[in-house]
Amino acid sequence: MSTQTRGPDAPPVTADDAAAGSRRWRRADGVESLGQVQDSGLTAPAFLVRRGDGQVVQVSELVHLVLMALSADRSPAEAADVVSAAFGRRLSVEGLDRLVTTKLAPVGLVTDAAAPAARPAPRATPLLALRAKLTLLPAGAVRFAAGTLSPLFWPPVVVLALAALVVMDVLLFVRSDALAALATTLATPGLIAALYLLTAVGIFFHELGHATACRYGGATPGRIGAGVYLVFPAFYTDVTDSYRLDRAGRLRTDLGGLYFNVWGLLAAGAAYLLGGPQVLVLYILITHFQMVQQLIPTLRFDGYYVLADLAGVPDLFSRVGPVMRSLVPGRPAHPRVAELRPRARRLVTTWVLVVVPTLALGLAVLVWNLPEIVRVALDAVRTHLATAQQAVADGAPLPLLGAVFAMVVLALPALGAALVVQRTAVMALLPARRAAGAWRARHPRPAPITKVRRHATTTRRSIMVQPRPGDAATPGARAGTAATQTADGPTPPARPLPPGQGGWDGWRVISGSVGAAAPAAAPASPAPAPSAAAPADEVTAPAVPGPPADDATVPSPAAAPPVDQVAAPAVPAPPADEAAAPPPIAPAAQQAPEAPAPARTAPAREPARAPSDADHLPGLPLPLTAAAFTDAEMFPPPRPAATLGWQHAVHVLTGGRISPRPGAAERRYLEVLERVRAPITGSRRVVVMSRKGGVGKTTLALALGSTFALERGDRVIAVDANPDAGNLAHRLARGHTRPTHRSITDVLGDLDRIHTYADLQGYTSQAPESRLEVLASDDDPRISLALTRASYHRVITLLDAFYNLILLDTGTGILDSANQGLIADADQLVLVLRPALDGARAAALTLDWLDQHGHGDLVERAVVVINGVRPGVGVPLEKIEAHFTKRCAHVLSVPWDEMLEKGAQTAVEQLRRPTREALHRVAAAVADNFVEVRGNR
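Along each chain, residues carry numbers from 1 onward, in the same order as the chain's sequence is written. Where local features are concerned, this predicted model is filtered to residues with pLDDT of at least 70; where side-chain atom pairs are given and counted, the filter is 80 or more; whole-chain, interface and lining totals use all residues. Only hydrogens and water are removed before side-chain values are computed, so all heavy atoms of the structure are retained for them.

Draft legend 1. Just unusual backbone geometry, in detail. One non-glycine residue, aspartate 39, adopts positive backbone phi at about 55°. Helix and strand labels come from DSSP, where a helix needs a run of H or I of at least four residues and a strand needs a run of E of at least two; each type is numbered from the N terminus. For aspartate 39, the position within the fold is in the loop between β3 (32-36) and β4 (46-50).

Draft legend 2. Focus on the pattern of salt bridges. By convention in these notes, a salt bridge is any Lys or Arg side-chain nitrogen within 4 Å of a carboxyl oxygen on Asp or Glu. For the coordinates displayed, the defined rule picks out 22 salt bridges. Across the salt bridge formed by arginine 382 and aspartate 379, the nearest N and O atoms sit 2.8 Å from each other. Here the residue arginine 382 and the residue aspartate 379 both occupy positions in helix α13 (residues 342-394), the gap between them amounting to three residues, near one helical turn. Exposure categories follow from relative accessible area, calculated using a 1.4 Å probe and restricted to protein chains: below 20% of the type maximum is buried, above 50% is exposed, and the middle band is partly exposed. Using a relative accessible area of 52% as the deciding quantity, one classes arginine 382 as exposed. For aspartate 379, a relative accessible area of 32% puts it in the partly exposed group. Of the charged contacts in the structure, one is a salt bridge between aspartate 897 and arginine 912, with a shortest N-O distance of 3.6 Å. Pair noted here: aspartate 897 is in the loop between β24 (890-895) and α28 (898-901) and arginine 912 is in the loop between α28 and α29 (913-927), with a separation of 15 residues, a long-range link. Judged by its relative accessible area of 3%, aspartate 897 is buried. A relative accessible area of 40% means that arginine 912 is categorised as partly exposed. Among the charged side chains, a salt-bridge network with shared partners connects Glu32, Arg50, Asp241 and Arg244.

Draft legend 3. Region of interest: the UniProt feature "transmembrane region" (unreviewed entry) in the chain. On the UniProt side, "transmembrane region" (unreviewed entry) is annotated at positions that read residues 152-174, 186-205, 262-286, 348-368 and 400-421 here. Secondary structure within residues 152-174 divides into 87% helix and 0% strand; the distance between the first and last C-alpha atoms comes to 29 Å. For the annotated span residues 262-286, helix accounts for 80% and strand for 0% of the residues, and the straight-line distance between the end C-alpha atoms is 13 Å. UniProt positions are given in the numbering used here, feature names are shortened, and annotations may be inferred rather than shown by experiment.

Draft legend 4. Spotlight on the side chain of serine 242. Examined against the element boundaries, serine 242 turns out to sit in the loop between β9 (232-237) and α8 (247-273). Within the structure, serine 242 has its side chain in polar contact with the backbone oxygen of valine 239 (distance 2.6 Å). Residues adjacent in sequence count toward polar contacts only when both atoms are side-chain atoms; beyond that, a polar contact is any pair of N or O atoms within 3.5 Å, and within protein one must be able to donate a hydrogen and the other to accept it.

Draft legend 5. View of the sheet that holds strand β20 (residues 773-775). Strand pairing is defined by DSSP finding a minimum of two bridges between the two strands. Taken in spatial order, the eight strands make up an open sheet running β19-β20-β18-β21-β17-β22-β23-β24, and their pairing is mixed. Looking along the sheet, the strands with just one partner apiece sit at the ends: β19 (765-766) and β24. The pairing of β19 with β20 spans two bridges and is classified as antiparallel. What sits directly across from serine 765, in β20, is valine 774. Against the sheet, helix α23 (residues 789-800) contacts β17 (684-689), β18 (716-721), β20 and β21 (805-810), and its axis sits at roughly 155° relative to β21. By definition in these notes, contact holds between two residues if any of their heavy atoms fall within 4.5 Å. Helix axes are fitted only over the stretch in contact, all axes being lines through C-alpha atoms; the angle between N-to-C directions runs from 0 to 180 degrees. Contacting β17, β22 (828-833), β23 (863-869) and β24, α29 crosses the sheet at an angle of about 160° to β24.

Draft legend 6. Looking closely at the nonpolar core. Within the largest apolar cluster, 47 residues are counted, with the highest numbers of intra-cluster contacts made by Val719, Leu775, Leu799, Tyr803 and Phe884. The dominant element in this core, judged by the number of residues it contributes, is helix α25 (residues 837-852), at six residues. Setting aside chain neighbours within four positions, we find leucine 775 in contact with Ile717, Ala718, Val719, Asp720, Ser743, Ile744, Val747, Tyr763, Thr764 and Val795. Take the buried Ala, Val, Leu, Ile, Met, Phe, Trp, Tyr and Cys residues and link them wherever side-chain atoms come within 4.5 Å; each set so joined is a nonpolar core. Core analysis: the second largest hydrophobic core is formed by 43 residues, Leu702, Val774, Val830 and Leu919 among them.

Draft legend 7. Representation of the environment of arginine 921 in the model. The topology assignment puts arginine 921 in helix α29. A relative accessible area of 38% means that arginine 921 is categorised as partly exposed. Separated by 248 residues in sequence, arginine 921 and leucine 673 have C-alpha atoms that sit 8.7 Å apart. For arginine 921, the contacting residues outside a window of four places in its chain are Val672 and Leu892.

Draft legend 8. Fine view of the packing of aromatic side chains. Here a pair means two rings of Phe, Tyr or Trp (six-membered ring of Trp) with centres within 6.5 Å. Their orientation is stacked below 30 degrees between planes, edge-to-face above 60, and tilted elsewhere. Counted under the stated rule, the structure contains twelve aromatic pairs. With a centroid separation of 5.1 Å and an interplanar angle of 75°, the aromatic rings of phenylalanine 317 and tryptophan 351 are classed as edge-to-face. Here tryptophan 351 lies in helix α13 and phenylalanine 317 lies in the loop between α10 (302-311) and α11 (320-326), a separation of 34 residues in the sequence. In this structure, phenylalanine 317 and tryptophan 351 share a single accessibility class: buried. Among the aromatic side chains, those forming a connected cluster through ring pairs are Phe153, Phe205, Tyr216, Tyr259, Phe260 and Trp263. In this structure, arginine 715 packs its charged tip against the face of tyrosine 757, placed 3.7 Å from the ring centre. In our convention, an over-ring charge means Lys NZ or Arg CZ found within 6 Å of a ring centre and within 35 degrees of that ring's normal.

Draft legend 9. The arrangement of the pairing of β17 in detail. Burial analysis of β17 places six of its six residues in the buried class, which makes it a mostly covered element. The sheet contact formed by β17 and β22 spans four bridges and is parallel. Counterpart to valine 686 in the pairing with β22 is glutamine 828.

Have a look at this one:
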């Protein structure tokens, strides 16, 4: 059997998330970039990196740039600058450190520059991979042989070889007798050994064909070796470097082995036609069968790699799980499926639907027949073992070698089958083990019980102690706030819990045990000052007498807290004769001055308050207060009813008795809707602009404002800020409402008389369906001067007092003073362009101008909308999207719609469904930045 591999363990792996600290990094020894995957089936550019051990890792463009920028001689800040310049967007040092610690370090691509040696990197261990590998021909010899044989891939030579194969097959079909050749070979042990030898040489020559094709395309082949694949011995060739080739070069490498089989067939056929033995006929038939077998794409044969390179996906088997999970009804597409282009996704999904049942059936047959396979193999091994013993007694070396060879050949399939079954069982049980671990984490074992005196200060649950200024770090801290002491020194001050969170993160938990508190009537005494020999941050907690055990019970301090809790051990009780002695007090001259503590940090002076829901700790019972009567405690959570698809039909037909959960499409819509409804603090100004006219800017501004007004409960207004007689108000679908003839000029003239929202509504028009309000521009032909920058600023300042979201439809002149003022007052920018080369260039020039004039923050948060997209019309959107994705926050497209093209009154309800969905996505992208508040107001 023959197979090829790219890297020692075949498939590239994807970097997993991990946690690490911030430090100076360098690339691990032997790490080499294979460059971008040419003709990739992924929507985003993908890059391949090879580690020193040969394992290939697939990374994104940004992660690849970070990896290439890391060096022991380069600081993190310098590396971040290099990546920012190459990627086109700013990368902070914190962002670089996060990428390194979560994407590169876990897969062994980087290491600490100060570390003497890196820890072993994880390796891909797929089920269908070669095992027990050994080298037959080292890389140097393979490269020499491949360079010598490279002329065989010259196209005219390839055509002549294929034509000669057809002629030879016809001659052999006419002149040879396959059945006679089979009978002769089986009757002659020497011919059987010769057939084995010819087959092994042919397979080796097949692997050399892969290496030669790799070298002919410009890549560097590796070693040729052998191993066990599934249950059979197999040869392999390391052609990992072929990943740097384009699709044609990779396909040539995939088919290079079959092409060299053609030359082997021509040599065997010519030898037979010239009077060679009949065993050559059997060799030719077996080779033809092996060539057809190599084209099967279900296993890692040549056909598998051909299909992977046609799809542009480096490793198909790594997509099996994501594709299967994405096919479950109601589940959204897995990220590893969503990142595929439509053509590649269809191809990979079809392959998964074919290969999974095929392999499952084959595995079931293997498991069912495994006992019989092992029994037959053992019987045959015993027979050949007796033959070998007899050969040793007779002093016959050839029968001995034949018997040993036969035993090895018989044992390998049985051993391989057992290994496949064992590994399959381990992988099948892995999800169950993970689920069991997660269940144990959610349901910890109860803490052991210990007895204390009834009169001791006990609690119904653990006590949270928030560190305060002066605790455990300030000499002379107030009594009752001393730090807890552990075996390794004082517990470091924990950060306070953010308000509104009920978790444990950042808090110290003191178990409610007898050694943790004194009786309530005991007065607080000052904490002793640290001695001169002790560090300033080490303060010893005063000893607390420990009463004897009694009948009352509380959780034992020995119980292990959760992972994110730091347990403060109980202070040991002093002897009885020292219990009543007050703690030693240093002389006045040696005592540090007592630091005044803020009033809110004194526990004894804080007023008592009733516990609330925010104080409830996960996993613990609610306190015996009115806080126990909540909707979450009294009623089960309501199950959302589907409003779309067959799920909604079932819900309606059964009267709600059967209510399937919403489908994947509806859940995606609800997620987008939740983003659209993001809350706004104060008001938000969004500028919709374009550098060229006729791109649908005004129509998009109106549609975007209508979408926000429909889906949000706050006030939304669209302002026609085009100084050259804009027509935003004319596009508003007003229904039967009477239009207003007032404009932004009238608002400026009546600023002193507008005091309420009702006053301002007399100057705006409103759509009855969406409730969007529009403030029109003045289109009086008698106007000779446009509004100034200061005029627009006064109007926007007025609107801030009455509206939450203000959309500004600007003119096309970016050098106009009024437009520059609107940009300076904007919180966010929506840049509209057509799917054309000149439109993309004008939009890029707009971003260049904004970057050069101090509006880089607007560029980074900008939403680029490619408007009026038609399939197959215009320039390739991939390149336009790739450019603006690097510079802006979001890049989205809106399909062409006849209602938007008319330039007349437009209502969102009249748009086609794909257009409405696209507008929802644009609105969600804009709303993603509503949490950002600019510092100018």
